[in-house]
Amino acid sequence: MNNKNKLKKLDSHFEFGLNWKNFSSLIDNHSLIYSQKAFERLGLNNIIKNKTFLDIGCGSGINLITSLRFGAKSVYGIDIDPVCIQTSKEVLLRFTKSKNWKVYNKSIFNVIEKPFKKFDVVYSWGVLHHTGDMFKALNIATSLVKKNGYLCVALYQKTFLCKLWRLEKLIYVKSPKIFQKLIRSLFKLILILALLLQARNPITYIKNYKKNRGMEWHYDIHDWLGGYPYESIDFNYLQLLLKEKGFKIVKTFYKKNRFFGLFGSHCDEILVKRL
Ligand SMILES: C[S@@+](CC[C@H](N)C(=O)[O-])C[C@H]1O[C@@H](n2cnc3c(N)ncnc32)[C@H](O)[C@@H]1O
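Predicted, not measured: the structure shown is a model, and the values here were computed from it.

Novice: Could you give an account of the side chain of Gln 36, naming the residues involved and the relevant values?
Specialist: Examined against the element boundaries, Gln 36 turns out to sit in helix 3 (residues 29-42). Every residue in contact with Gln 36, bar those within four places of it in the chain, is listed here: Thr 66, Arg 69 and Phe 70.

Here it is, written out as structure tokens:
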């Protein structure tokens, strides 16, 4: 890839950092409890104690705090966005007295150098599909797991409309802020109407949104609409790939997209163990 193309690719990368920075002011003990519950659902709480933990694409840093709360020996976070690293540091300092953490402004494609070795637990929630080369990123993530160690990833499910969403995201990141706000408002309205059609209360839905790993509706919508680069994967294929790489499947959370991706995709989760 020549320099001009590299620059073009970087320019159209969504400003994840800014979104996580804005979200971080809303992180409270309730958010952390829901983040802990998400770890417990996968059984990570029983695995992490006294282990080394790497979070690829640490975003706001919320998962780093959770891993420390579950007794990880040392915790490392990397993110390509410097604002994410700054935010993660602030959030870590706000919620933990532990010194057993380090965060690096690094891309997954650039972790070969020191101090990167192998980890007991490699975790990456909603990240590898935003790197611009999901399969290469997945390959690197698997290579960072120690023997008998664990890998936990969450990736966007491939839907019928993924190509269209990819285009939407490209348009969104290149649009002025005012146009982004307009798209967001329209999308929120559509989601609310869809909830009403399913006889669900949108107010309760938005209020309870925190139960999704401690996240917030507004920031997740901005992240969904703007999350470019964007890729997605068939869940059966993901399982096959991980098995081929010498992993045993420990736990999966898969939910079929009922609307062919009309309202967007979602992340399926998988926890695997290196044999
Ligand atoms: C949707 S956010 C998920 C954040 C976090 N994992 C969470 O669960 O809240 C995706 C994150 O991946 C980061 N990211 C994108 N490409 C990356 C890369 N090549 N290497 C490391 N991080 C990357 C983004 O900066 C962003 O913080």
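Novice: Which residues make up helix 7 (residues 134-143), and what values do they have?
Specialist: For helix 7, the set of buried residues is Met 134, Ala 137, Leu 138, Ile 140, Ala 141 and Thr 142. The secondary structure elements touched by the buried residues of helix 7 are strand 1 (52-56), strand 4 (119-125), strand 5 (145-156), helix 12 (235-244), strand 6 (247-253) and strand 7 (267-274).

Novice: So what's going on with the pairing of strand 2 (residues 74-79)? Which residues, and what values?
Specialist: Burial analysis of strand 2 places six of its six residues in the buried class, which makes it a mostly covered element. The pairing of strand 1 with strand 2 spans five bridges and is parallel. Its bridge partner being in strand 2, Phe 53 is matched across the sheet by Val 75. A crossover connection joins strand 1 to the parallel strand 2 through helix 5 (residues 62-69); in handedness this β-α-β unit is right-handed.

Novice: Residue-level account of unusual backbone geometry, with values.
Specialist: The amide bond that connects Tyr 228 to the next residue, Pro 229, takes the cis arrangement and shows omega of 5°. Mapped onto the elements of the fold, Pro 229 is located in the loop between helix 11 (217-226) and helix 12. Unusually for a residue other than glycine, Asn 50 sits at a positive phi of about 65°. Residue class for Asn 50 comes out exposed when judged on its relative accessible area of 52%. For Phe 260, which is not a glycine, the phi torsion comes out positive at approximately 55°.

Novice: Can you break down the sheet that holds strand 4 residue by residue, with the values?
Specialist: Taking strand neighbours across the sheet as the criterion, the seven strands line up as 3-2-1-4-5-7-6 in an open arrangement whose pairing is mixed. Only two strands of the sheet have a single partner each, and these edge strands are strand 3 (101-105) and strand 6. Averaged over all neighbouring strand pairs, the angle between strand axes comes to 15°, with direction disregarded. Note: strand 2 against strand 3, five bridges, orientation parallel. When the bridges of strand 3 are listed, Ile 78 appears paired with Tyr 104.

Rules used in this analysis
Residues numbered from 1 in each chain as written. Predicted model: local features only at pLDDT ≥ 70, side-chain atom pairs only at ≥ 80, totals over all residues. Heavy atoms only, no water. Helix = DSSP H or I, 4+ residues; strand = E, 2+ residues; numbered from the N terminus. Contact = heavy atoms within 4.5 Å. Buried < 20%, exposed > 50% of the residue type's maximum accessible area, 1.4 Å probe, protein only. Pairing = 2+ DSSP bridges. Right-handed = clockwise from strand over helix to strand, strands pointing away. Axes fitted to C-alpha atoms, helices over the stretch in contact; angles between N-to-C directions.

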